[in-house]
Amino acid sequence: MDNLLKVVPLAVVMIAGPQIITAIMLATSERARRNSYAYVAGAMVASTAATAVFYYAARALGLEGSDGDSGSAVVDWLLVLVLLVAAVRVFLKRHDTEPPKYMRKLQTATPSASFRIGLLLFLIMPTNLLVTFTVGTLLASQGEPLWRSIGFLLVTGLLISSPLLVLLLMGKRADTVLPALRSWMNANSWVVSEIVLALFLLLQIQSIVSA
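Not measured: the values here are computed from a predicted model.

**Regarding the pattern of salt bridges**
Going through the model one piece at a time under the given rule, you end up with one salt bridge. Close ionic contact of arginine 148 with glutamate 144 constitutes a salt bridge, the shortest N to O distance being 2.5 Å. Here glutamate 144 falls in the buried class, since its relative accessible area comes to 14%.

**Overview of a nonpolar patch on the surface**
Nonpolar side chains collect at one region of the surface, where Tyr37, Leu158, Leu165, Leu168 and Leu169 lie side by side and expose about 520 Å² of accessible area between them. With respect to the helices, strands and loops of the structure, leucine 169 is situated in helix α9 (residues 162-170).

**Observations regarding the side chain of asparagine 128**
Within the secondary structure, asparagine 128 sits in helix α7 (residues 126-141). Residue class for asparagine 128 comes out buried when judged on its relative accessible area of 0%. Those residues in contact with asparagine 128, other than ones at most four positions away along the chain, are Val13, Met14, Gln19, Leu121 and Phe122.

**Side note on empty space enclosed by the protein**
Evaluated as defined, the whole model comprises one cavity of 30 Å³ or more. Its volume calculated, the largest cavity comes out at about 40 Å³. Looking at the largest cavity, the residues that line it are Ala23, Leu26, Ser36, Tyr39, Val40, Ile160, Ser161, Pro163 and Leu164. At the level of elements, α3 (18-26), α4 (32-60) and α9 are the ones that each hand at least two residues to the lining of the largest cavity. Residues that form the lining of the largest cavity fall into these classes: seven nonpolar, two polar and no charged.

**Things to note about the environment of threonine 137**
For threonine 137, the position within the fold is in helix α7. The exposure class assigned to threonine 137 is buried, which follows from its relative accessible area of 2%. Between the alpha carbons of threonine 137 and leucine 79 there is a distance of 8.4 Å; along the sequence they are 58 residues apart. Of note is the side chain of threonine 137, whose polar atom sits 2.7 Å from the backbone oxygen of phenylalanine 133.

**What to know about the environment of proline 145**
Within the fold, proline 145 resides in the loop between α7 and α8 (150-160). Each residue touching proline 145, except ones within four places of it in the same chain, is listed here: Tyr55 and Leu139.

**So, the packing of α4 against α7**
Each pair of packed helices can be described by the angle between their axes along with the distance between the axes. Packing of α4 against α7 leaves a shortest axis separation of 7 Å and a crossing angle of 45 degrees. If you check the angle between α4 and α7, you find them oblique. The two elements α4 and α7 meet at a crossing, and its hand is right-handed. Across from Ser47, Ala50, Thr51, Phe54, Tyr55, Ala58 and Arg59 in α4, the residues of α7 making contact are Leu129, Thr132, Phe133, Val135, Gly136, Thr137, Leu139 and Ala140.

What counts and what doesn't
- Residues numbered from 1 in each chain as written.
- Predicted model: local features only at pLDDT ≥ 70, side-chain atom pairs only at ≥ 80, totals over all residues.
- Heavy atoms only, no water.
- Salt bridge = Lys/Arg side-chain N within 4 Å of Asp/Glu carboxyl O.
- Buried < 20%, exposed > 50% of the residue type's maximum accessible area, 1.4 Å probe, protein only.
- Patch = residues over 30% accessible without salt bridge, like charges linked within 9 Å, V, L, I, M, F, W, Y side chains within 5 Å.
- Areas by Shrake-Rupley, 256 points an atom, 1.4 Å probe, with all protein chains shown as cover.
- Helix = DSSP H or I, 4+ residues; strand = E, 2+ residues; numbered from the N terminus.
- Contact = heavy atoms within 4.5 Å.
- 1 Å grid on protein atoms, 1.4 Å probe; cavity = no way out; pocket = protein on both sides within 12 Å on 5 of 7 lines; lining within 4 Å.
- Points joined across faces, edges and corners; volume = space filled by probe spheres on them.
- Nonpolar A, V, L, I, M, F, W, Y, C, P; charged D, E, K, R; others polar.
- Polar contact = N/O pair within 3.5 Å; in protein donor to acceptor, adjacent residues only side chain to side chain.
- Axes fitted to C-alpha atoms, helices over the stretch in contact; angles between N-to-C directions.
- Parallel < 35°, antiparallel > 145°, perpendicular 65-115°, else oblique.
- Left-handed = near helix turned anticlockwise from the far one by under 90°.

This is the structure:
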């Protein structure tokens with residue numbers, strides 16, 4: 001369970017970058033509330049599905065076992081490698097501030113389109129795949145049931161729905177707060193991701209050394 005608690009902060013990596021910027025833009029779109037609800041739903045379906053796929057894939061490969069067995073040790077070092085790859089990728093992409101083409105149509109997006117964007121964005125983003133791989137594989141290697149991923153998924157849902165919460169709580173004042181938040185995230189999301197990845201990497205290495 002201690003290992004699972006270490007995974008929860010990776011929810012920050014799940015939403016940092018185009019994911020949260022898209023959520024902010026949809027919260028200021030023509031159908032702000034409906035689009036935001038649909039986007040969050042798509043994001044959560046994708047995150048849950050990806051985590052489950054990696055979890056059952058790890059079990060099918062025989063990585064499930066108790067602490068200290070060879071399968072678990074392999075997973076521990078594999079997670080270190082995955083985190084290093086994620087950190088390097090985030091660093092290399094730190095200057096990519098040009099918004100993706102799909103963002104140009106977000107102001108007039110429909111709820112169905114918002115759902116698809118959330119679904120696809122959380123499925124195809126390499127950092128998201130690395131994080132859901134980490135969570136699913138870690139749970140399987142530690143012999144934990146899949147439902148233990150609920151903490152990670154709830155934090156992911158809370159973070160990605162934060163623009164919607166700002167909209168619901170602040171009303172028209174959100175028109176000032178959300179653009180400022182979008183600008184800050186666009187400039188600093190990679191720093192936040194690197195800090196979280198570095199922290200988790202250190203915790204993972206410490207866990208391996210002390211085992």
